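Structure assessment
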Amino acid sequence: MKKYNIKKICCIGAGYVGGPTMAVFASHCPNIIINIVDINKKRIDAWNSKNASDFPIFEPGLDDLILNFRDKNLFFTTDLQNSISEADMIFISVNTPTKTKGIGAGQASDLKWVEASARQIARFSKSHTIVVEKSTLPVKTAETIENILISSQDKECNELKTFSVLSNPEFLSEGNAIKDLQNPDRVLIGGEDESAIKALSDIYLKWVPEKKILKTNIWSSELSKLAANAFLAQRISSVNSISALCEVTGADIQQVCKAIGMDKRIGSKFLNPGPGFGGSCFQKDILNLVYLCNYYKLEEVANYWQGVLNINNWQKSRISKVIVNYLFGNISGKKITILGFAFKANTNDTRQSPCISICKDLLEEGAHLSIYDPKVENYKIDNDLKDLKTENQDYVENEENRVWINYPSVEQAASESDAIVILTEWEEFSQIDWEKIIKLMRRPAWIFDTRACIDYDKAKRAGFNIWHIGNSLLINK
Ligand code: NAD
Ligand code: UGA
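Parameters at a glance
Residues numbered from 1 in each chain as written. Chains lettered and ligands numbered in written order. Predicted model: local features only at pLDDT ≥ 70, side-chain atom pairs only at ≥ 80, totals over all residues. Heavy atoms only, no water. Helix = DSSP H or I, 4+ residues; strand = E, 2+ residues; numbered from the N terminus. Rg over C-alpha atoms; globule rule 2.2 N^0.38 Å. Contact = heavy atoms within 4.5 Å. Areas by Shrake-Rupley, 256 points an atom, 1.4 Å probe, with all protein chains shown as cover. Near = heavy atom within 4 Å. Polar contact = N/O pair within 3.5 Å; in protein donor to acceptor, adjacent residues only side chain to side chain. Nonpolar A, V, L, I, M, F, W, Y, C, P; charged D, E, K, R; others polar. Phe/Tyr/Trp six-rings, centres within 6.5 Å; stacked < 30°, edge-to-face > 60°. Lys NZ or Arg CZ within 6 Å of the ring centre and 35° of its normal. Pairing = 2+ DSSP bridges. Axes fitted to C-alpha atoms, helices over the stretch in contact; angles between N-to-C directions. Salt bridge = Lys/Arg side-chain N within 4 Å of Asp/Glu carboxyl O. Buried < 20%, exposed > 50% of the residue type's maximum accessible area, 1.4 Å probe, protein only.

1. Section: the overall build of the protein chain
When its secondary structure is counted, the protein chain shows 17 helices and 14 strands. Its C-alpha atoms give the protein chain a radius of gyration of 24 Å, near enough to 23 Å, the size a compact globule of 477 residues would have. Counting only C-alpha atoms and orienting by the principal axes, one finds that the protein chain spans roughly 75 × 50 × 45 Å. Sequence-distant contacts, at least 24 apart, represent 74% of the contacts inside the protein chain between residues at least 6 apart. By element, 51% of the accessible surface of the protein chain is carried by carbon and sulfur atoms, the whole surface being about 22,100 Å².

2. So, the site of ligand 1
Around ligand 1, 26 residues are found, and the nearest of them are Asp 38, Arg 43, Thr 96, Glu 174 and Lys 284. Tyr 16 is positioned with one of its backbone polar atoms (N or O) 3.0 Å from an oxygen atom of ligand 1. For ligand 1, whose accessible area on its own is 830 Å², the fraction buried by protein is 93%. Counting residues per element, the shell around ligand 1 draws most heavily on helix H5 (residues 112-124), which supplies three residues. The residue makeup of the shell around ligand 1, split by class, is eight nonpolar, eleven polar and seven charged.

3. Some points on the packing of aromatic side chains
All told, the structure shown has 17 aromatic pairs when counted by the stated rule. Taken together, the ring pairs connect Phe 25, Phe 91, Tyr 204 and Trp 207 into an aromatic cluster. One Lys or Arg, Arg 186, reaches over the ring of Phe 171 and ends 3.6 Å from the middle of that ring. Directly above the aromatic system of Phe 58 lies the positively charged group of Lys 375, at a separation of 4.5 Å from the ring centroid.

4. Some words on the site of ligand 2
As a matter of local geometry, ligand 2 sits amid 19 residues, with Leu 172, Glu 174, Lys 225, Cys 281 and Arg 451 nearest to it. In this structure, an oxygen atom belonging to ligand 2 sits 2.8 Å away from a side-chain N or O atom of Asn 229. Within the side chain of Arg 451, a nitrogen or oxygen atom sits 2.7 Å from an oxygen atom of ligand 2. Here ligand 2, which alone exposes 700 Å², has 90% of that area covered by the protein. If you tally residues by element for the shell around ligand 2, the top one is helix H9 (residues 218-249), at four residues. Here the shell around ligand 2 is composed, by residue class, of ten nonpolar, four polar and five charged.

5. Details of the sheet that holds strand E13 (residues 446-449)
With parallel pairing, six strands are arranged side by side in an open sheet as E11-E10-E9-E12-E13-E14. The open sheet has two edge strands, strand E11 (404-406) and strand E14 (465-468), and neither has a second partner. Taking each pair of neighbouring strands and ignoring which way they run, the sheet shows an average axis angle of 20°. Where helix H12 (residues 299-326) meets the sheet, its contacts fall on strand E9 (335-339), strand E12 (419-422), E13 and E14, and the angle it forms with E13 comes to roughly 165°.

6. Some thoughts on the pattern of salt bridges
This structure, assessed with the given rule, holds 17 salt bridges. Of the charged contacts in the structure, one is a salt bridge between Asp 202 and Lys 198, with a shortest N-O distance of 2.8 Å. Residue Asp 202 and its partner Lys 198 are located together in helix H8 (residues 194-204), separated by four residues, close to a single helical turn. The class of Asp 202 is partly exposed, set by a relative accessible area of 30%. Exposure remark for Lys 198: the relative accessible area of 39% places this residue in the partly exposed category. In this structure, Arg 318 and Glu 247 form a salt bridge, with 2.7 Å as the shortest nitrogen-oxygen distance. Placement of the pair is Arg 318 in helix H12 and Glu 247 in helix H9, with a sequence separation of 71 residues. The exposure classification of Arg 318 matches that of Glu 247, with both residues buried.

These figures come from the coordinates and say nothing about function on their own.
See the structure below:
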């Protein structure tokens, strides 16, 4: 068996996966130089900032890693050519969103960034390079990458370039990324070239026990990633569907989840009801799965997975309707406080956040929103809401008339509002002093807790009317 000596790694894509993953690699592999390269100069500049609060991604534990290893064996750069040509191993960690136009629009993954990366690798790499798919990709993408690598090389170049393509999907979850990377449930490596697989698994072996490193064929590895996300998302749609049933029957979702979760075959994790799953991946990966199933003429399988997305969309709109109904069927001109805008706690990521569609529904109904999130930057909230088409179109241009405002504290956001809607389960929301908050609000004052994350006794004593997900009891009502 050949032996590859990995001295330099290049990671294409300095995003939510590339940044944290390579920071953890750098911390365990002091003898490997890692260049993270991105076409987005602003992002690279932000990673290179002296001030950790400027880093583009908020992730617990990440700042220390970056500050400890950056400019030692971890570098952020826009110099794609040199980073690729010097690398023995290249990770493709670019975005793979759902296609918005052309064949498969609305379902298939858009692979243009993956293809561009493969073309750049073909152009700039030297001799033999191990190319690792880190991005989440449709089954058989490795074949496409291999074709591009082989066929798009510079014909004038005398040197024969060779490649080994591996699939090594990432299973980290945002907000927990460093812990997930330091102590993964498993590391999956798919491929044909035993030497390349060994080179990659030797890197992981520096901190991951051997029994957790799973080696499969490349197609199983690609499909396992899509399937894992589909199973996780399915669990949330299952619990959310039961939460709706609890609300009309008198059952309590917390009690039901405890009861079903104690069955070891079901397990207690990932059973929290909520406003619907968000994040950049669950929806896109299931859409991709649906597309693949239809492509292979497995219509029943495609419909089955589509159902997971249908319930998720229904959950979001159901929550908007609950809020309007309890506020006497009319929220026009009312001020509603939104607590949390990130798609989950401990991240500043708002991609596909359920908060976006719920806020849009409430704005459509004429509400004025005051939004507070401890980590999401104002520009993201504005970008996510600004394409709303309503008669209130002048809200961005006309500061006086804005129909949503982002506030720096819960108190400021809650002032003069009729209701508080909790959409992200930030820890600090469980500590809110409700006695203090209710004094700032109009009466009757409502709390809609879509995450079941606050202290109901305290909120009840303060005098709030409370609706909480998966429970038919309206406290104080
Ligand atoms: P991201 O959008 O945060 O980052 C991708 C980066 O790639 C961007 O900064 C972009 O500028 C850069 N890029 C795109 N094309 C490039 C090119 N040709 N050359 C250099 N840079 C380029 O995306 P992400 O959240 O890090 O996700 C990346 C992949 O990982 C996706 O396939 C996603 O499904 C998968 N994934 C994401 C997560 C997650 O938690 N976000 C977890 C597991 C897997
Ligand atoms: C998810 C997977 O958990 C990761 O394993 C995977 O690597 C990643 O997608 C990916 O491929 O991008 P992530 O989206 O970061 O990770 O976060 P999750 O913790 O899975 O949460 C996703 C959404 O489901 C969030 O909106 C969250 O609030 C919601 N959720 C999660 C619930 O509503 N209830 C739960 O019990 C768990």
